Amino acid sequence: MMIQQVLFSVGPFVRGFHLITRDVMRQLPVLPPMGLLNLFVQHTSCALTINENCDPDVRHDLKGIMERIVPDGDPNYRHQDEGPTDMSAHAKSSIVGTSINVPIVDGHLALGTWQGLYLCEFREQGGARRIVATIMG
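The protein goes by Secondary thiamine-phosphate synthase enzyme in an unreviewed UniProt entry, where it is assigned to Hallella colorans. On record in UniProt, under Sequence similarities (unreviewed entry), the comment for the protein is "Belongs to the UPF0047 family."

A. Examining the environment of M25 more closely. Considering the arrangement of structural elements, one finds M25 in helix α1 (residues 21-27). Under the relative-accessibility criterion, M25 is labelled partly exposed at 34%. C-alpha separation for the pair M25 and L109, spaced 84 residues apart in sequence, amounts to 9.2 Å.

B. Layout of the sheet that holds strand β3 (residues 34-41). Spatial strand order, β1-β8-β3-β5-β6: five strands in an open sheet with antiparallel pairing. Since the sheet does not close on itself, it has two edges, and those belong to β1 (3-10) and β6 (108-109), each with one partner. In this structure, β3 lies alongside strand β8 (residues 129-136), joined through six bridges in antiparallel fashion. Directly across from L36, in β8, lies its bridge partner M136.

C. Broad picture of the side chain of S93. Of note, S93 is situated in helix α3 (residues 86-96). Since its relative accessible area comes to 4%, S93 is described here as buried. Among the polar contacts made by the side chain of S93, one reaches the main-chain carbonyl oxygen of C46 at a distance of 2.8 Å. Look past the residues within four positions of S93 in its chain and what remains in contact with it is H43, T44, S45, C46, A47, T98 and F122.

D. Spotlight on the sheet that holds strand β4 (residues 46-52). Spatial strand order, β2-β7-β4: three strands in an open sheet with antiparallel pairing. Of all the strands in the sheet, just β2 (14-19) and β4 have a single pairing partner and so form its edges. Neighbour-to-neighbour, the strand axes of the sheet open up by a mean angle of 25°, direction not taken into account. Alignment of β2 against strand β7 (residues 115-125), held across five bridges, turns out to be antiparallel. The residue of β7 that forms the bridge with F17 is C120.

Calculation criteria
Residues numbered from 1 in each chain as written. Predicted model: local features only at pLDDT ≥ 70, side-chain atom pairs only at ≥ 80, totals over all residues. Heavy atoms only, no water. UniProt positions renumbered as here; feature names shortened; annotations may be inferred. Helix = DSSP H or I, 4+ residues; strand = E, 2+ residues; numbered from the N terminus. Buried < 20%, exposed > 50% of the residue type's maximum accessible area, 1.4 Å probe, protein only. Pairing = 2+ DSSP bridges. Polar contact = N/O pair within 3.5 Å; in protein donor to acceptor, adjacent residues only side chain to side chain. Contact = heavy atoms within 4.5 Å. Axes fitted to C-alpha atoms, helices over the stretch in contact; angles between N-to-C directions.

The structure is reproduced here in structure tokens:
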């Protein structure tokens, strides 16, 4: 088995759910015929997920759902060093997760027809986000 790693950045993005499938694919080397891609974002106030890639209403709704589940500026949060989105962004990152795995089949990501890779930005202006891609195959 061969393992390759690539470090790249995406964004910066405003708060929300951003489809990054094409951005990721542009950064990757030729994929092996069979294997696994792990993507890991090196930040604590954003996340990675796989979800519906066609209807932009899904992105809008996911953002609203996260804002209702973990509101900004809750007075019960002790950690708010960087403002009202500080602790809420960390909590959302933990809920969604900082890494995803995608099988590689016939040299392509085995995403379903309506699936795309998302960077979930939980800050108003999070800056560029570093992603480590590990390709095993």
